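# Structural features, examined
These are the residues of each chain, in order.
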Amino acid sequence: MSAAAGDPRRLRTHTDIRFIILVAAVLATGVFAFTALAVASPAITRINADSVQPCMDSLDERTSTVPDSGDRLSAQIWLANSCMRPFIRAEVKVVAAGLLTVFLLATALYLLHPWWLVRRRRMKRLDPGMADVVAELDGLARAAGLARPPEWFVAPYAAAHGGQAFGLPWRYRVCLDVGLLVRYDLDRDGFRSVVRHELAHLTNRDVGRTYLTMALWWSFVVVALVPFVAITLHPDLLVDPRKLGSVLSGSPLSLAYRMVALLTLASAGYLVRNSILRARETCADTAVARVPDAAPALSRALSVLPWPPRYRRWQIPERLARLGPHPAPADRVVAVTAPDRATGSTWWELAGLAFMVGLALNNVTLLLGNLLENYVSVGLLFFAMPFGVLVIGLLAGALNRPDLGTQSALLTFPAGLAGGFAAGYLLNLMVSYSDSANPFDDGLAPVVLSLIVLVAVTALIAAWLRSVRRRVPHRIVTVAAVLAGGPLIAVWFTQTYGQSNFAGLDLTILPATGLTLDWYRELARWLNAFALYLPGVKLAATPILAVAIVLLWAVPVLLCSRWRYGGSGPRIPVRPAVRAGLGAGAAALVVAVALPYLARAVVPADVRRTVEGSSAFSFAVEYGLAYIAVVALLAAAAAGIVAATSARLRPVLVPLTVTVTSVIGAAGCSLTRTMARCLALDDTYLPSCVPEVPGPDSLTVFSFHMILVWGAAAAIPAALAGAGAGTLVRRRRGRPAFARRLFRQPARWEAAIGLGLVAALLPAAAAFAMPYDIRSWKPQPMPFIPAQTPVSADRCLIGQWRVELLRATRTVDGKRLAFTGRGQLQTFRVDGSVVLDEGRGTTEVAAGGGHRYVITQTGSMTASYRANGTTIAYSGAKIQRAGTTTLTVDGTEQSHQPVVAGTTNDRYTCAGDRLRETPADPTRDYEIQLVRVTG
Amino acid sequence: MAKALLERAADAEPAVTAERRAFDVLSEAYFADPKRALAGNGNGGGYLKFGLPGIEELLTPVFLAAGAEVVKYLSGRVEGFSRKTVRRILSRPAPREVPQLTVEQWAYVRTVVENSLMQHTKMSPQRAETIASAVVGDGIAGPDRAA
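Residues numbered from 1 in each chain as written. Chains lettered and ligands numbered in written order. Predicted model: local features only at pLDDT ≥ 70, side-chain atom pairs only at ≥ 80, totals over all residues. Heavy atoms only, no water.

### Focus: the overall build of chain A
- In terms of helices and strands, chain A carries 29 helices and 19 strands.
- In the structure as shown, chain A presents an accessible area of about 41700 Å², 63% of it carried by carbon and sulfur atoms. (Helix = DSSP H or I, 4+ residues; strand = E, 2+ residues; numbered from the N terminus. Areas by Shrake-Rupley, 256 points an atom, 1.4 Å probe, with all protein chains shown as cover.)

Listed below in structure tokens is the structure:
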């Protein structure tokens, strides 16, 4: 069973984790501070100027002859990594040296703290003449479980009746205020309480942790933070300290952002440090309270402590005092009388801790990402996992308070946690100092959406924990929550870091065919948007969700099963959930059979064909996505019904329902594809009625992961709505009779086997999908990088040209259409730059299948070019004036998208005032005839 | 001398006797740094303390300060006076051979003690007067007090 909330070991672990978080955040921030110092150092500035910058500047040129834009980007990334390598290596050396210095100074400060304290407080060894006092103290130390009593000191200038524990592990010391010594004769029990409290700090191993952490903090301030602030205010300090012109460089806004980030780091570190110290004090109090008859005296000693405290002549406001290193005496008295309430975290404490976790993660990620080079995606996912585990662990710990007001805590705790963790990203030094990693570059929406998703994930885990722990207070429940939620947080991080992908639902992706069929085009647009929604794609390319969903229902079911509790434990009413899942699964199978007939009836044959060479989604893909969407909706409906008809353990039953529906729905994928092939619905495969058997790396396994992701996303709002509706109905009518009957039904061995099979299917599917997952995350192979060719110019090209005739074959709506157009202006300059200007708008027109297609383009872009007499190679295309590309079919607008910078290399012939361009890429088909305007 | 004052103060405040145990520590601290000893808030730095500093009312440093002033006053007015003489005057029972103080001199001693208590411990005037009276004891029983 779980440890009691007031168990000293648990309390110690609780605060140990906080210590680790604080240390990790400080060190991670140190990593970034030293990175910034490295960048500002003369040696690395030289490396940057001499080799990195020229290498980076040549990227466009070196890859300009790569015809395919995707290949060109891969080549540029590959080359950029090799350009940066000497810089990163030098940076890592500086960071390692900086961290080593921090550690060495921290060790020295830690070793010196006893000397410093004795000197500062002018402590004296307790007079051996006070033999009775020393004997009493040694007796208390032995009773506390110490093998050797500490050295006893007295602070002669401290008239208070307190004490202080300090020292090194091989020579602990306890100092008594002289006021406490006086109380030896006046209040022996009070005297013992204070001494026992200090001894508890020794037995709890607080002394080493506390003073080592503080030593590390001050070392960080001296070695990292102060130089870092100096560099912030004076970026050229290490290169040329006399160059005062650069002081306070940057815009006032960016400087303010940096200062806010620094201030937040310092404040959060200070507040978290205080919260740890408060927890340690409470922990020591509860340890004393466990000594027989010691609690009343301790309560008495605590109750006379002054509160709120004073600083010199000023009375500190109580709200502020509560953020200090000591808990309010009244709270300590409560902890002594009710140790179960000793370690309660508040939502803002949780936010502070999560903030520190976020800082630790984000500050290291930049350097780590640079080191990982091509393995950055998968590397960051694995790196973020322990942090995700920690975040959910903190939540689980905070929710483990018996006196917690659960309803509000289910919202405030996850919100505090998620807010703190996200703030660790927004306010970490790396983001505030980098102009390229600004999270608000794409506006507020991506950041807000990311936060909402994080709050939703943590709130669901919190609801699950609360629901399950009330019935099964076992530590495996916490472990399951951590294992299920931690990796999800890691995926969230990979989709948020750098640039949030959560607002990237792209509704402009059209299908390859059927653009004139309104309902089909709109449906396909939405399906494509969801299918290419990056957070979903990345989650579906891991076994994380499959494992998480199984854990959420299988762990409670196993724990509650008859063999574990001998029949006396709580029972989970799994039958309604399984039945709902089976019902939805059966409906999915019906859909799998009916869908090919329906598609054949409503989608014309012209739309159902595959278009050669088109990169847009074909009908076969849209058909598969439509089936997955239907299964996801069925899973959501089943989840809603289960949530509405169940009054307890809904967070367990809903995942079970989704699992059952998804397993059957995935089998339906094979079925519906077999049916489609048998009916020759499309021309992807040869017609055949041989059933498709799902195997490793098959489309069914891939579809299964998508069903899980879409199904879970749809099931969450459906279950919430169902739970709300069910609660309302039950309040009005009372609990339905059938629900009571279901709860009492005993589980049978058949059900156990069935659930076991379902539970085993998901990990099996996850294993089958591994080849696909690995392909999704592993780096691209080294791209082809052409050898550098000498630059040559063609004087004939120089000048402005107007497109007199453009003939191009383009695939639109699944048809290869011959477009003609004119009007674009091309200006080739001597400096190697070219401007492609669409003026007020150029149009290309084509006719086909009884329709008239018109593409209108506006705006202009610039690029660099190199011409060698036969080929023009473009690079570094940039938008000069924003424009749009609009497609209309028979006068009706079908798509309207902003122009994206991009060029394709041309072959050309130039003579006098005539220029002719044709594609260098043989897969393309166009011819452009231009006449000279000027030059 | 301060020890003698403590003994006499115990008549009014029995709790004061507990300070005898810490007398040597407190007096040594007083002579090393009187201001800090009288302030009594030398909590200094560090962590893991029992609680936030609250001041315990310690009279030893106060009596040490008062004693110093008394000696300074009397040594200028009474021949053959020293710190040892004052200690003997204040001890119980007082030896017969020690010089006797006048009523005015006793009154001054009481005023010094009273003022020290009020100044350094923020004690109420009534309580300071009670303790000062206990310290001065019979010596003050002049005409003005008898009235």
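Now that the structure has been shown, we can carry on.
### Remarks on the overall build of chain B
- A tally of regular secondary structure across chain B gives eight helices and zero strands.
- From first element to last, N terminus to C terminus, chain B shows the α and β order α-α-α-α-α-α-α-α.
- When contacts within chain B are restricted to residue pairs at least 6 apart in sequence, those whose partners lie at least 24 apart make up 63%.
- Summing over all exposed atoms, chain B offers an accessible surface of approximately 7300 Å²; the carbon and sulfur share of this is 50%. (Contact = heavy atoms within 4.5 Å.)

### A few points about the pattern of salt bridges
Residue and element names in this part refer to chain A.
- Per the counting criterion, the structure on display carries 27 salt bridges over all chains.
- The residue glutamate 151 makes a salt bridge to arginine 173 at a minimum N-O spacing of 3.2 Å. With glutamate 151 in strand β2 (residues 151–155) and arginine 173 in strand β4 (residues 171–177), this pair connects stretches of sequence that are 22 residues apart. Residue glutamate 151 shares its accessibility class with arginine 173, and that shared class is buried.
- The partner of arginine 932 in a salt bridge is aspartate 913, with the nearest N and O atoms 3.1 Å apart. Remark: aspartate 913 occurs in the loop between β17 (906–911) and β18 (914–919) and arginine 932 occurs in strand β19 (residues 926–934); sequence separation between them is 19 residues.
- Connected via shared salt-bridge partners are Arg125, Glu151, Arg171 and Arg173. (Salt bridge = Lys/Arg side-chain N within 4 Å of Asp/Glu carboxyl O. Buried < 20%, exposed > 50% of the residue type's maximum accessible area, 1.4 Å probe, protein only.)

### So, unusual backbone geometry
Residues and elements named next belong to chain A.
- We note that aspartate 293 has phi near 65°; this positive angle belongs to a residue other than glycine.
- Relative to the helices and strands, aspartate 293 is located in the loop between α9 (252–289) and α10 (295–303).
- A relative accessible area of 75% places aspartate 293 in the exposed class.
- Phi at aspartate 890 takes a positive value of approximately 55°, unusual for a residue other than glycine.
- Summarising the element assignment, aspartate 890 is placed in the loop between β15 (884–889) and β16 (892–898).

### Here we look at the interface of chain A and chain B
- Listed as interface residues are 51 residues of chain A and, on the opposing side, 31 residues of chain B.
- Carbon and sulfur atoms supply 63% of the area that chain A and chain B bury against each other, a total of about 3500 Å² over both sides.
- Three residues stand out in chain A for area buried against chain B, namely Tyr157(A), Ala159(A) and Val182(A), and they jointly supply 20% of the buried area on that side.
- Here chain A is connected to chain B by four salt bridges.
- Between Arg21(B) and Asp132(A) there is a salt bridge; the shortest N-O distance is 2.9 Å.
- For the pair chain A and chain B, the interface holds four residue pairs in polar contact (both at pLDDT 80 or more).
- Every element with two or more residues in the side of chain A that touches chain B is listed here: α4 (69–120), α5 (131–143), β3 (163–168), α6 (178–186), α7 (188–203), α8 (206–233), α9 and α10 of chain A.
- Partitioning the side of chain A that touches chain B into residue classes produces 29 nonpolar, nine polar and 13 charged. (Buried area = accessible area lost by both parts, 1.4 Å probe. Polar contact = N/O pair within 3.5 Å; in protein donor to acceptor, adjacent residues only side chain to side chain. Nonpolar A, V, L, I, M, F, W, Y, C, P; charged D, E, K, R; others polar.)

### What about the state of the cysteines?
Residue and element names in this part refer to chain A.
- Counted by the stated rule, this structure contains three disulfides over all chains.
- Each disulfide pairs two cysteine sulfurs, and for cysteine 55 the partner residue is cysteine 83, the sulfurs being separated by 1.8 Å. Its S-S torsion of approximately -65° makes the covalent link between cysteine 55 and cysteine 83 left-handed. With cysteine 55 in helix α2 (residues 42–57) and cysteine 83 in helix α4, this residue pair connects regions lying 28 residues apart in the sequence.
- Note that cysteine 796 is cross-linked by a disulfide to cysteine 910, the S-S spacing being 1.8 Å. Around the S-S axis, the bridge from cysteine 796 to cysteine 910 shows a dihedral of about -75° and counts as left-handed. Of this pair, cysteine 796 sits in the loop between α29 (770–777) and β7 (799–812) while cysteine 910 sits in strand β17, and the two are 114 residues apart along the sequence. (Disulfide = S-S within 2.5 Å.)

### Considering the packing of aromatic side chains
- A full pass over the atoms with the stated rule returns 15 aromatic pairs over all chains.
- Plain terms: the ring middles of Trp526(A) and Phe530(A) are 6.1 Å apart, the flat faces sit at 35° to each other, and that makes the pair tilted. Of this pair, Trp526(A) and Phe530(A) both sit in helix α19 (residues 518–531), four residues apart, roughly one helical turn.
- We classify Trp526(A) as partly exposed; its relative accessible area is 39%.
- Ring centres 5.3 Å apart and planes at 80° place the aromatic pair Tyr30(B) and Phe31(B) in the edge-to-face group.
- Given the relative accessible area of 9%, Tyr30(B) is considered buried. (Phe/Tyr/Trp six-rings, centres within 6.5 Å; stacked < 30°, edge-to-face > 60°.)

### Considerations on helix α14 (residues 376–398) of chain A
- The first and last C-alpha atoms of α14(A) sit 33 Å apart over 23 residues, in line with the 33 Å expected at 1.5 Å per residue.
- Its maximal kink placed at Met385(A), α14(A) deviates by approximately 30°, while the proline Pro386(A) follows within four residues. (Expected span 1.5 Å × (residues − 1). Bend = angle between axes of the 7 residues up to and from the residue.)

### A word on the nonpolar core
- Core analysis: the largest hydrophobic core is formed by 213 residues, its most contacted members being Val195(A), Met356(A), Phe421(A), Trp464(A), Trp553(A) and Trp710(A).
- The residue makeup of this core includes at least three contributed by each of domain 1 (8–115 + 210–283 + 304–330 + 339–378 + 411–432) and domain 2 (515–777) of chain A.
- With residues near it in sequence (within four places) discarded, Trp710(A) still touches Leu527(A), Phe530(A), Ala531(A), Leu625(A), Ile628(A), Ala629(A) and Ala632(A).
- Counting residues in each nonpolar core, the second largest holds 31 residues, with Trp106(B), Val112(B), Val135(B) and Val136(B) among its members. (Core = buried A, V, L, I, M, F, W, Y, C linked by side-chain atoms within 4.5 Å. Domains from an automatic or database assignment.)

### Some words on the pairing of β2(A)
Residue and element names in this part refer to chain A.
- Burial analysis of β2 places five of its five residues in the buried class, which makes it a mostly covered element.
- Neither face of β2 is exposed, since Glu151, Phe153 and Ala155 on one face and Trp152 and Val154 on the opposite face are all buried.
- Judged from the two bridges that link them, strand β1 (residues 124–125) and β2 form a sheet pairing that is antiparallel. Looking across to β2, one finds that lysine 124 is bridged to valine 154.
- The pairing of β2 with β4 spans five bridges and is classified as parallel. Counterpart to phenylalanine 153 in the pairing with β4 is cysteine 175. (Pairing = 2+ DSSP bridges.)

### Brief notes about the sheet that holds β3(A)
Residue and element names in this part refer to chain A.
- Across the sheet, four strands lie side by side as β1-β2-β4-β3; this open sheet has mixed pairing. In this open sheet, the two edge strands, each paired with only one partner strand, are β1 and β3.
- This element, α7, spans β2, β3 and β4 of the sheet and lies at about 30° to β3. (Axes fitted to C-alpha atoms, helices over the stretch in contact; angles between N-to-C directions.)

### Section: a nonpolar patch on the surface
Residue and element names in this part refer to chain A.
- Together, Phe440, Leu444, Val448, Leu449 and Ile452 make up a nonpolar patch on the protein surface, roughly 430 Å² of accessible area in all.
- On the secondary structure map, leucine 449 appears in helix α17 (residues 445–471).
- Using a relative accessible area of 33% as the deciding quantity, one classes leucine 449 as partly exposed. (Patch = residues over 30% accessible without salt bridge, like charges linked within 9 Å, V, L, I, M, F, W, Y side chains within 5 Å.)

### Focus on the environment of Cys910(A)
- Measuring from C-alpha to C-alpha, the distance between Cys910(A) and Arg795(A) comes to 9.7 Å, with 115 residues separating the pair along the chain.
- The residues touching Cys910(A), leaving out its near neighbours within four places in the chain, are Cys796(A), Leu797(A), Trp801(A) and Leu915(A).

### Some points on the packing of helix α6 (residues 103–121) of chain B against helix α7 (residues 125–136) of chain B
All names here are of chain B.
- Following both chains from N to C, one finds α6 and α7 inclined at 140°, their axes separated by 8 Å at the closest point. Considered as vectors, α6 and α7 are oriented oblique to each other. Between α6 and α7 lies a crossing whose hand is right-handed. On α7, the residues that touch Trp106, Val109, Arg110, Val113, Glu114, Leu117 and Met118 of α6 are Pro125, Ala128, Glu129, Ile131, Ala132, Ser133, Val135 and Val136.
- Residues that form the contact of α6 with α7 fall into these classes: eleven nonpolar, one polar and three charged. (Parallel < 35°, antiparallel > 145°, perpendicular 65-115°, else oblique. Left-handed = near helix turned anticlockwise from the far one by under 90°.)

### Describing the side chain of His201(A)
- Position of His201(A) relative to the elements: it lies in helix α7.
- By relative accessible area, His201(A) is classed as buried at 0%.
- At 3.2 Å, the side chain of His201(A) and the side chain of His197(A) are in polar contact.
- Those residues in contact with His201(A) that sit more than four places away from it in its chain are Ala165(A), Asp206(A), Val207(A), Arg280(A), Glu281(A), Ala284(A) and Leu48(B).

### Remarks on the packing of helix α24 (residues 619–645) of chain A against helix α25 (residues 650–678) of chain A
Residue and element names in this part refer to chain A.
- The contact between α24 and α25 brings their axes to 9 Å, and the two run at 155°. Taken together, the axes of α24 and α25 lie roughly antiparallel to each other. Between α24 and α25 the crossing geometry is right-handed. Contacts from Tyr623, Tyr627, Val631, Leu634, Ala635, Ala638, Ala639, Val642 and Ala643 in α24 reach Arg650, Leu653, Val654, Thr657, Val658, Thr661, Gly665, Gly668, Cys669, Thr672 and Ala676 in α25.
- Here the residues of the contact of α24 with α25 sort into 14 nonpolar, five polar and one charged.

### Considering the confidence of the model for chain B
Residue and element names in this part refer to chain B.
- This prediction gives chain B a mean pLDDT of 72; 63% of its residues lie at or above 70.
- Helix α8 (residues 143–146) is the least confidently modelled element of chain B, averaging 42 in pLDDT, while helix α2 (residues 23–32) averages 85, the highest of any element.
- Across residues 142–147, confidence stays below pLDDT 50; counting only partners more than four residues off in sequence or on other chains, it has seven contacts. (pLDDT = per-residue confidence, 0-100.)

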